[in-house]
Amino acid sequence: MADTSTDSEDGAALPDPSNWSCPLPLRDHDRIVLGHGGGGRLSAELVEHLFLPAFRPGDGSGGPFDEREELLDAAQLALDGVGGGRLAFSTDSYVVRPLFFPGGCIGDLAVNGTVNDVSMSGATPIALSSGFILEEGLELAVLGRVAEAMGAAARAAGVRVVTGDTKVVDGGTTGGDRERGGGLYINTAGIGVIPDGVDIRPSRATPGDVVIVSGAVGLHGVAVLSRREGLDFGTTVESDSAPLNGLVAAMLDVAPDLHVLRDPTRGGVAASLCEIAESAGVGIAYEETKLPVPAEVAAACAFLGLDAVSIANEGRLIAVVAPGDLDAVLNVMHDHEHGREACVIGTVTDAHPGVVTARSPLGASRIVDLPLGEQLPRIC
């Protein structure tokens, strides 16, 4: 922290606050900071105030960039002019370091992340694209391992990688270490078909609905952090990275009128719940004791001063369902490999619209705000 001092009356040095630096990004800045990619308030402001105005059609026709449209994990596109039906379309970029971590690597992470974004609209993913930005010096053997992991993940999810692109950039561009070899970034896009009658959107959350989490939270963020920083929490924490399209299909089989699905990636459960509450104009209240936080994640958070509710996941979903569908949905989730630990954590309420609250083990409630940036950079 910079500290330019002045003298007090007794000659002691006084700090000059104008030269202090803040570890968190301030919101009155004119340059991109890491927090803009964290999935929190800064990301939302960047999209709302920079990208949406730039991409909005100029003819007043509305469309997917109209301010009235919801911002979803995947755009939902009606195909009225080509036979009807709806497509889900999503894209994402992956810049995680290190490239390999317990439970996965950047390759299967890229496939699973995009499959899951498409699936959160209730769509069946059918095809992916892959774009590689490779740094000069990257070992071909490393790239081969990543590509093999992507192929295996695509086969496991039942989708195909059908098109792609490759670019090579100067050494040092992607943060790779020249002595150990260059780095790489991956962009993936995915398309899927939304079944007739399925309408899954954050704004459909309704007072009385029940909030479900499909399994233990915080594993991915802690797994990546432990490998990157060389931290030992007494056990190996593995990423939860997994494709969720099969789980979503099973849930829709028993409850076609699912209201909301979200995968709590950047910003974690906190960001997802805040976005749902704001979009639907409802309150959400959850119990901290019901949030499934593994002991190793809780220990890591206590050691690092983090909050598990804000740590990214890559193989978990949040479902908001009507009370009448709860038992059927939970039963089918418990029968699926990626939903065996599914549990109810809270409810949707008409109190405190747009606000998420968490009830502590002692009975006190606190407001859970959308994170400003991200606690752990480059985890996806």
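Before reading further, recall that the structure is shown in the block above.
Residues numbered from 1 in each chain as written. Predicted model: local features only at pLDDT ≥ 70, side-chain atom pairs only at ≥ 80, totals over all residues. Heavy atoms only, no water.

Novice: I'd like to hear about the overall build of the chain, residue by residue, with values.
Specialist: What the chain contains, in helices and strands, is eight helices and 16 strands. Counting over 380 residues, the chain shows a buried share of 46%. Contacts spanning at least 24 positions in sequence make up 79% of the contacts within the chain whose residues lie at least 6 apart. Summing over all exposed atoms, the chain offers an accessible surface of approximately 18100 Å²; the carbon and sulfur share of this is 53%. (Helix = DSSP H or I, 4+ residues; strand = E, 2+ residues; numbered from the N terminus. Buried < 20%, exposed > 50% of the residue type's maximum accessible area, 1.4 Å probe, protein only. Contact = heavy atoms within 4.5 Å. Areas by Shrake-Rupley, 256 points an atom, 1.4 Å probe, with all protein chains shown as cover.)

Novice: Which residues make up the sheet that holds strand 16 (residues 365-368), and what values go with them?
Specialist: Taken in spatial order, the seven strands make up an open sheet running 11-13-10-14-12-15-16, and their pairing is mixed. Where the open sheet ends on each side, the last strands, each with one partner, are strand 11 (260-262) and strand 16. For this sheet the average axis-to-axis angle between neighbouring strands, irrespective of direction, equals 25°. As judged from the three bridges shared by strand 11 and strand 13 (residues 318-321), these two strands associate in the antiparallel manner. Its bridge partner being in strand 13, Val-260 is matched across the sheet by Val-320. On the sheet, helix 8 (residues 326-334) packs against strand 10 (210-213), strand 13 and strand 14 (343-349) and is oriented at approximately 5° with respect to strand 10. (Pairing = 2+ DSSP bridges. Axes fitted to C-alpha atoms, helices over the stretch in contact; angles between N-to-C directions.)

Novice: Kindly report on the sheet that holds strand 8 (residues 160-169), identifying the contributing residues and their values.
Specialist: If you walk across this open sheet you meet the five strands as 3-4-9-7-8, and the pairing is mixed. Each end of this open sheet is capped by a strand with a single partner; those strands are strand 3 (75-78) and strand 8. Taken pair by pair, the neighbouring strands of this sheet meet at an average axis angle of 15°, ignoring direction. In the packing of helix 3 (residues 140-157) onto the sheet, contacts are made with strand 7 (124-135), strand 8 and strand 9 (184-194), and the angle to strand 9 comes to roughly 10°.

Novice: Break down a nonpolar patch on the surface for me, citing the residues and quoting the values.
Specialist: On the surface, Val-47, Leu-50, Phe-51, Phe-55 and Leu-71 cluster together to form a nonpolar patch covering roughly 450 Å² of accessible area. Relative to the elements of secondary structure, Phe-55 occurs in helix 1 (residues 41-55). (Patch = residues over 30% accessible without salt bridge, like charges linked within 9 Å, V, L, I, M, F, W, Y side chains within 5 Å. Salt bridge = Lys/Arg side-chain N within 4 Å of Asp/Glu carboxyl O.)

Novice: Tell me about the pattern of salt bridges, residues and numbers included.
Specialist: One side chain can pair with another of opposite charge once the charged atoms of both are near each other. Taken as a whole and assessed by the stated rule, the structure comprises eight salt bridges. Among the salt bridges present, the one from Asp-199 reaches Arg-201, with a minimum N-O distance of 2.7 Å. Salt-bridge contacts for Arg-366 lead to Asp-307; the nearest nitrogen and oxygen are separated by 3.6 Å. Of the two residues, Arg-366 is situated in strand 16 and Asp-307 in the loop between helix 7 (295-304) and strand 13; the sequence distance between them amounts to 59 residues. By sharing partners, the salt bridges in this structure join Asp-199, Arg-201, Arg-204 and Asp-257 into a single network.

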